[in-house]
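# Close look at the chain arrangement
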Amino acid sequence: MCRDYEKSVSNQVNHLTGGYQEFINRPPQGTHILWPIYMPIPDDLYRERLPNVCGAVGSKARSCCSMRSVYKYLPVTVWLPKYQLNFLAMDLVAGLTVGLTAVPQAIAYGAVANLPPAYGLYSAFMGGFVYILLGTCKDITVGPTAIMALMVRPYVDGNPAYAVLLCFLSGCIITIMGLLNLGVLMRFISVPVTTGFTMAAALTIATGQVNSLFGISSSANGFLDCWIHFFGHITQTRRNDAILGCCTLIFLLLMRQLKDLPFGIKSVWKYISLARNAVAVLIGILLCYLLKSDGKLPFLVSGSITPGLPPFKPPPFHTEDSETGEVTNFGGMVSNIGSALVSIPLLSILESIAVAKAFSKGKIVDASQEMIALGVSNILSSFFSSMPITGSFTRTAINNASGVKTPLGGAVTGAIVIMTLAFLTSTFAYIPKATLAAIIIAAMFFMVEYETIGEIWRAKKRDMLPFLVTVLTCVFWTLEYGMVVGIVFNALFLLYKSMKPQFNLETQKFNGLEVTMADLKGSVDYAAAEYLKISIVSHVTGRNDEGGAPTTLVVIKGHEIASIDTTVALNLKSLREDLALLQCDMICWNWSIPAAGVICRMDRKLRSMFKYSKSFPDLMQTIADGEAAVSCIAVDLSQ
């Protein structure tokens, strides 16, 4: 019967793989078959199969010279030939709507970064033009954001040279990471951590604008410092600024709901709602201009904006202190920037890819290409005196709601910013600080991902721990260190889980023998090796100490284990030796060939402990009879 079974399976293998040798050399992916044997397993079956590095490099080099690479690295070549004339009107409307939001936000974010307002505008146009060529998501708008402005602020100290250099260096780092396909690194940052970071950033940014909302002059940074300064100087509140700021905030929140009005032309209400920031700025400018008396303005204003476009020049690689005249060279500037060279590129990538995924609409986001687009945008923007930029969630949402069809809408937004710099800088000098503060605070209300927080709570309450740790450390320490703490804390969950593999230990009698079965579930790596060994030895010694029949055999079932590492192999070897001292044998039953191969290559003498059979009674019968003729090997070469 077994001979007939062997012949049947051999025919199956020959049919599927072209023979045994072909099966060994090139095992088909996903193959699961039963292989009966009557002699020791051939050495070739346990041979380690290394990746073909030279072949992979050659294939990659050939693909770089193909049209597929052109389409990959220049996505404009994909969508531009398919561009339709009716798309133009939608792109123009969307670009104009986003531009009306981008201008006041850019001025506000310049103030958040402790830079002259013009630098916010300098950061708001070049990214849109670059993203047309390199971007993969039609909705994304690249420019200054509240988070980037807040991250830059501690390193600027009023000197724009540091912000521009950060933009250039961040762009270089992001581009290199994209070219090296390191977009996969973003997978190590979980949703609870990113959600906590976003909430903490929103709280910190909104808190930083509370003093300006009430007309209180403040240079305080940080969550606690801002509130302490606010309550300590609340008597200095300027009535006009407080009234304007609070009314503007309420106006913006109401305007957001305008699109949901059940009467009138809905499309008109929608575009008025989307342009609410521009309307608020226009009202603030008019009130400031009309209510001034004897040259005295009724509100604190953002101040004059340098007219004209920024000059095209390389980013500064040295800077001079305006007070002492001391020159800081490139090395000194990089030393002063410090950890920002890690945190700002990381957060810039994280924010941009998160926005791309949110608006991808079922399409796969090429994270590496998005990184290249973002990196080049930062590099070229730095030649126009820009601070670090990334994808903006607020403006991307407006772009999407406006019905944009292609990334060409970014050109219209960029043109609006350029025209503002060229012709309207004198007008924007009358923007009240309270108006800008209200715009920022209103945006922060909706930057918090309330729905995601609720989903985390309902799905798995344990995930609230990394969320809360990230929020608290970001708010009460710093954003960059808080993000790192959140990532590390969340990684501890993975490490703890990997330290304790899922396996069941049970003891049963078979033909008078006490047999302990360890059924391993999932993967086993080096972190779990010691725990596995201690658990099995403790179980065996514990039963022996109870006074019952001693355990004489431990069977480790590992058909679900794809592979193991050297640490696990050494611990299993040590476990077998420890059990031997307890007069107990150990068998590894139905292990996959890749996993068994690690141990067998390490020590050929251990091959005898691997047994294969169709069922547990067959295994025990084989051991009892000492006949290998009825054993079978379960070969899993899917890895």
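Below or above, wherever it landed, is the structure these notes cover.

Basis of the calculations
- Residues numbered from 1 in each chain as written.
- Predicted model: local features only at pLDDT ≥ 70, side-chain atom pairs only at ≥ 80, totals over all residues.
- Heavy atoms only, no water.
- Helix = DSSP H or I, 4+ residues; strand = E, 2+ residues; numbered from the N terminus.
- Buried < 20%, exposed > 50% of the residue type's maximum accessible area, 1.4 Å probe, protein only.
- Contact = heavy atoms within 4.5 Å.
- Phe/Tyr/Trp six-rings, centres within 6.5 Å; stacked < 30°, edge-to-face > 60°.
- Lys NZ or Arg CZ within 6 Å of the ring centre and 35° of its normal.
- Polar contact = N/O pair within 3.5 Å; in protein donor to acceptor, adjacent residues only side chain to side chain.
- Core = buried A, V, L, I, M, F, W, Y, C linked by side-chain atoms within 4.5 Å.

Further remarks concern the overall build of the protein chain. Of regular secondary structure, the protein chain possesses 30 helices and eleven strands. By the burial criterion, 49% of the 639 residues in the protein chain qualify as buried. In the protein chain, the proportion of contacts linking residues at least 24 apart, taken out of those at least 6 apart, comes to 77%.

Turning our eyes to something else, we now look at the packing of aromatic side chains. All chains considered together, the criterion is met by 19 aromatic pairs. Aromatic pair Phe 214 and Phe 230: ring centres 5.4 Å apart, planes at 50°, arrangement tilted. With Phe 214 in the loop between helix H12 (210-213) and helix H13 (223-232) and Phe 230 in helix H13, this pair connects stretches of sequence that are 16 residues apart. According to the relative accessible area criterion, Phe 214 is partly exposed, its value standing at 21%. Three or more aromatic residues link up through ring pairs in this structure, and these residues are Phe 125, Phe 168, Phe 312, Phe 317, Phe 330, Phe 383 and Phe 384. Lys 72 extends its terminal NZ or CZ atom over the ring of Tyr 73, reaching a point 5.5 Å from the ring centre.

Moving on, we get to the side chain of Asn 159. Looking at the secondary structure, you find Asn 159 in the loop between helix H9 (146-156) and helix H10 (160-179). Using a relative accessible area of 19% as the deciding quantity, one classes Asn 159 as buried. Looking at Asn 159, its side chain comes within polar contact range of the side chain of Thr 319, at 2.9 Å. Dropping the residues within four chain positions of it, Asn 159 is found in contact with Leu 115 and Thr 319.

We now examine the nonpolar core. Counting 101 residues, the largest nonpolar core has Ile 107, Leu 121, Ile 147, Ile 205, Phe 428, Met 444 and Leu 479 as the members making the most contacts within it. Not counting chain neighbours up to four residues away, the residues in contact with Ile 205 comprise Ala 146, Ile 147, Leu 150, Ile 440 and Met 444. Of all hydrophobic cores here, the second largest spans 33 residues; its members include Leu 520, Ile 556, Ala 595 and Ala 596.

Attention now goes to the environment of Asn 400. Tracing the backbone shows Asn 400 in helix H20 (residues 393-401). For Asn 400, a relative accessible area of 23% puts it in the partly exposed group. Spatially, the C-alpha atom of Asn 400 lies 8.5 Å from that of Lys 138, the residues being 262 residues apart in sequence.

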